[in-house]
Amino acid sequence: MVKRDSEVHGKEISVETIVTNEYIQSTASTGAVNKLEYDKIRNSVQTKNLILLRSKANLIYIFRKDTFTKGDKESFIRFLNNKGVKIK
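Residues numbered from 1 in each chain as written. Predicted model: local features only at pLDDT ≥ 70, side-chain atom pairs only at ≥ 80, totals over all residues. Heavy atoms only, no water.

Student: Would you mind going over the overall build of the chain with me for this structure?
Tutor: Regarding its fold elements, the chain presents two helices and six strands. The order of α-helices and β-strands along the chain, N terminus first, is α-β-β-β-β-β-β-α. At 13 Å, the chain has a C-alpha radius of gyration in line with the 12 Å of a compact globule built from 88 residues. Counting only C-alpha atoms and orienting by the principal axes, one finds that the chain spans roughly 40 × 25 × 20 Å. Looking at the chain as a whole, 23% of its 88 residues are labelled buried. A separation of at least 24 residues holds for 26% of the contacts in the chain among residues at least 6 apart in sequence. (Helix = DSSP H or I, 4+ residues; strand = E, 2+ residues; numbered from the N terminus. Rg over C-alpha atoms; globule rule 2.2 N^0.38 Å. Buried < 20%, exposed > 50% of the residue type's maximum accessible area, 1.4 Å probe, protein only. Contact = heavy atoms within 4.5 Å.)

Student: Just to check I follow, could you spell out the environment of aspartate 39 for this structure?
Tutor: Its location among the elements puts aspartate 39 in the loop between strand S3 (33-37) and strand S4 (41-46). Taking the C-alpha atoms as reference points, aspartate 39 and lysine 56, separated by 17 residues in sequence, lie 9.1 Å from one another.

Student: What is the right way to look at the pattern of salt bridges in this model?
Tutor: It is possible for side chains bearing opposite charge to pair when their charged atoms get close. On inspection of all chains with the given rule, the structure shows two salt bridges. Here lysine 40 ties to glutamate 37 by a salt bridge, and the two come within 3.3 Å at their closest N and O atoms. Residue class for glutamate 37 comes out partly exposed when judged on its relative accessible area of 39%. (Salt bridge = Lys/Arg side-chain N within 4 Å of Asp/Glu carboxyl O.)

Student: In this structure, what is going on with the sheet that holds S4? I would like to understand it.
Tutor: For sheets, the rule is that strands pair by backbone hydrogen bonds, running either parallel or antiparallel. If you trace the three strands from one edge of the open sheet to the other, you get S4-S5-S6, paired in antiparallel fashion. This sheet does not close on itself; its edge strands, each paired only once, are S4 and strand S6 (60-64). If you compare each strand with its neighbour and ignore which way they point, the axes differ by 15 degrees on average. Where strand S5 (residues 50-55) meets S6, five bridges bridge the pair, whose relative direction is antiparallel. Looking at S6, one finds that isoleucine 51 is bridged to phenylalanine 63. Relative to the sheet, helix H2 (residues 73-82) contacts S4, S5 and S6, its axis offset from that of S5 by approximately 25 degrees. (Pairing = 2+ DSSP bridges. Axes fitted to C-alpha atoms, helices over the stretch in contact; angles between N-to-C directions.)

So, in structure tokens, the structure goes:
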């Protein structure tokens, strides 16, 4: 995916993600914006370094555990659990 983005856009794409009470919004450096409402999350898992959310449309939202600017991974997981999203 990184190679494809570099080829198409001439550089690696960065993504900024904002989490609100109503949805998760990802904005790419290309200008693309995706909003994910919590009831549209099909499943979720965590690895050593990542939290992965898969939507009903099969989009994957990736959160690196070491990149939160507000809060931390534990509070994010609690927040998702309160929204009905169970993380395996």
